[in-house]
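Here are the chains, one letter per residue:
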Amino acid sequence: MSAAGSVKSTESEVKLPEVKVDGLGLPLWLLLELTYKCPLKCSWCNNPLDFDRYQDELTTEAWVDVLRQGRRLGALQLGFSGGEPVQRRDLEELVGEASRIGYYTNLITSGVGLTKDRLAALRQAGLKQIQLSLQACDAELNKRLVGVDVYQQKLACARAIKEQGFPMVLNVPVSRYNIEQAPALLAFAEELGIEYVEFANLQYYNWALINRAELMPTREQIAEAEAVVAETRARLGQRMTIYFVISDYYDTRPKACMKGWGNIHLTIAPDGAALPCQEARVIKGLEFPNVRDHDLGWIWHNSPVFQKFRGESWMKEPCRSCAERERDYGGCRCQAFLLTGDASDTDPVCDRSPHHHLVEEAVAAAMAERPHSRLVMRQRGLNLA
Amino acid sequence: MTNQPSLQPTDIVELNPVYLFRWEEPQQAHILLYPEGLIKLNASAGEILARVAETVAVGELIDHFTKTYNSEDIAEDILAFLEASHERGWIRKKH
């Protein structure tokens, strides 16, 4: 998930307190993946490898029903994502309904197809914020990374978003290819008056996992980028908020993924499948409930999948007796499954995990001299055999 | 990190328009929504920001609460909360 995404609660009286997660067990964060269709071919795409199988997207009426059920359940933050959500012609209508019933509406987009007219219509419909991805301040590199020549389109879109007066997050998916672009990207954001810049080091699932050895930046590259970020933060103060989220592979404790499974986050995939996180489909053997068959309340509170890793009772050692289990919830279930084959294992990022060597080996491989090999771009009918 | 001077009693403060502030029934709390995040406020923080939402001078706001709760002691806490909110960008000075 987006690292910027957060739920905080103030604690003691009046004095500004420590913030903590408190969702009251409600799905505060609802993410709608309207479609897996996308004009780009990013080699780190987090959509399923077999994204092409999911052609049977929910209708406008079905999405509206999901929106209304979500509000009744207490959802507040709403993301329209994909794929490229702009590919859906009913985006404006869905944003309009979501705004009307009280969501804070966020659009997560590549900017491709997001024309000035559509931006104006989205503004009219009440859209609150836009997160635009940009991979490089360099047309050639951008094309190489996303597989399509859309650089000028992205720049024009960024300008148009600011002209419309939207608060904006510039999201930079960071790999060893573009991490040295940090100063140029920050200068671009400053020039446009963009409020938030998020350097999102890649999370290695789906396409990014296939390309992991090719994409991972080195520790030296990360340290250099961090220094640039620190300098810019000091210089710009409140004018720009910069998130710099380093890949958990370089850590020794796992991320508090989704603030816990089935705790605050609910994703609805294009076909109506309800997922505790966007990547959950990588875990084989789970039967995800679908909004075509069940109401959201049952899905959230009662469905076996949402209860499976909720709380602590599913934990094995070393998590079960670990004092830090309330802080990180054992890390990411998808990562545990992808690296160890068992979703109830401790996330191997944790150095207390018996599988931690798998992460160390991946990092060591990233540090070694690597000739650039070919990136596997997102494509239909990928044959991994 | 911030070079902002602290708030003076005559400063008029308002909510930063990037934030959406409102009462949320299922949470039984005031909340602040902003790009990709939300903050659930405790009762006093919500009450103070509800006054800020009406655009008000810092001194006037503090007077209101010290009179309402008949306590001079809370003035310092309220100012500290306003300054912290200012530093975090939830509220801003109106020019």
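The structure under discussion appears in the preceding block.
About the criteria used
- Residues numbered from 1 in each chain as written.
- Chains lettered and ligands numbered in written order.
- Predicted model: local features only at pLDDT ≥ 70, side-chain atom pairs only at ≥ 80, totals over all residues.
- Heavy atoms only, no water.
- Phe/Tyr/Trp six-rings, centres within 6.5 Å; stacked < 30°, edge-to-face > 60°.
- Helix = DSSP H or I, 4+ residues; strand = E, 2+ residues; numbered from the N terminus.
- Buried < 20%, exposed > 50% of the residue type's maximum accessible area, 1.4 Å probe, protein only.
- Lys NZ or Arg CZ within 6 Å of the ring centre and 35° of its normal.
- Pairing = 2+ DSSP bridges.
- Contact = heavy atoms within 4.5 Å.
- Axes fitted to C-alpha atoms, helices over the stretch in contact; angles between N-to-C directions.
- Salt bridge = Lys/Arg side-chain N within 4 Å of Asp/Glu carboxyl O.

Draft legend 1. Examining the packing of aromatic side chains more closely. Residue and element names in this part refer to chain A. Applying the stated criterion across every chain yields a total of 11 aromatic pairs over all chains. For the ring pair Y196 and Y243, a centre distance of 6.3 Å and an interplane angle of 5° mean the geometry is stacked. In this pair, Y196 is assigned in strand β7 (residues 196-201) and Y243 in strand β8 (residues 241-245), connecting sequence segments 47 residues apart. Residue class for Y196 comes out buried when judged on its relative accessible area of 7%. Grouped by ring-pair contacts, the aromatic residues W261, F309 and W314 constitute a single cluster. The cationic tip of R310 hangs over the ring face of W300; the distance from NZ or CZ to the ring centre is 5.2 Å. Note that R378 overlies the ring of F51, its terminal NZ or CZ placed 3.8 Å from the centroid.

Draft legend 2. Expanded view of the sheet that holds strand β6 (residues 91-93) of chain B. Residues and elements named next belong to chain B. Taken in spatial order, the 3 strands of this open sheet run β5-β1-β6, and their pairing is antiparallel. Looking at the sheet topology across the chains shown, the edges are occupied by β5 (56-57) and β6. Where helix α1 (residues 43-52) meets the sheet, its contacts fall on β1 (12-15), β5 and β6, and the angle it forms with β1 comes to roughly 110°.

Draft legend 3. Up close: the pattern of salt bridges. Throughout the structure, instances matching the rule amount to 31 salt bridges over all chains. Between E97 of chain A and R68 of chain A there is a salt bridge, and its shortest N-O distance comes to 2.8 Å. One end of the pair, E97 of chain A, is in helix α2 (residues 91-100); the other, R68 of chain A, is in helix α1 (residues 60-73), with 29 residues separating them in the sequence. Take E97 of chain A: its relative accessible area is 11%, and that puts it in the buried class. Judged by its relative accessible area of 37%, R68 of chain A falls in the partly exposed class. Between D11 of chain B and K93 of chain B there is a salt bridge, with its nearest N and O atoms 3.6 Å apart. With a gap of 82 residues between them, D11 of chain B in the segment before β1 and K93 of chain B in strand β6 connect regions that are remote in the sequence. As far as burial versus exposure is concerned, D11 of chain B and K93 of chain B are alike and both buried. Members of the salt-bridge network, linked through shared partners, are R253, E324, R327, D351 and R352 of chain A.

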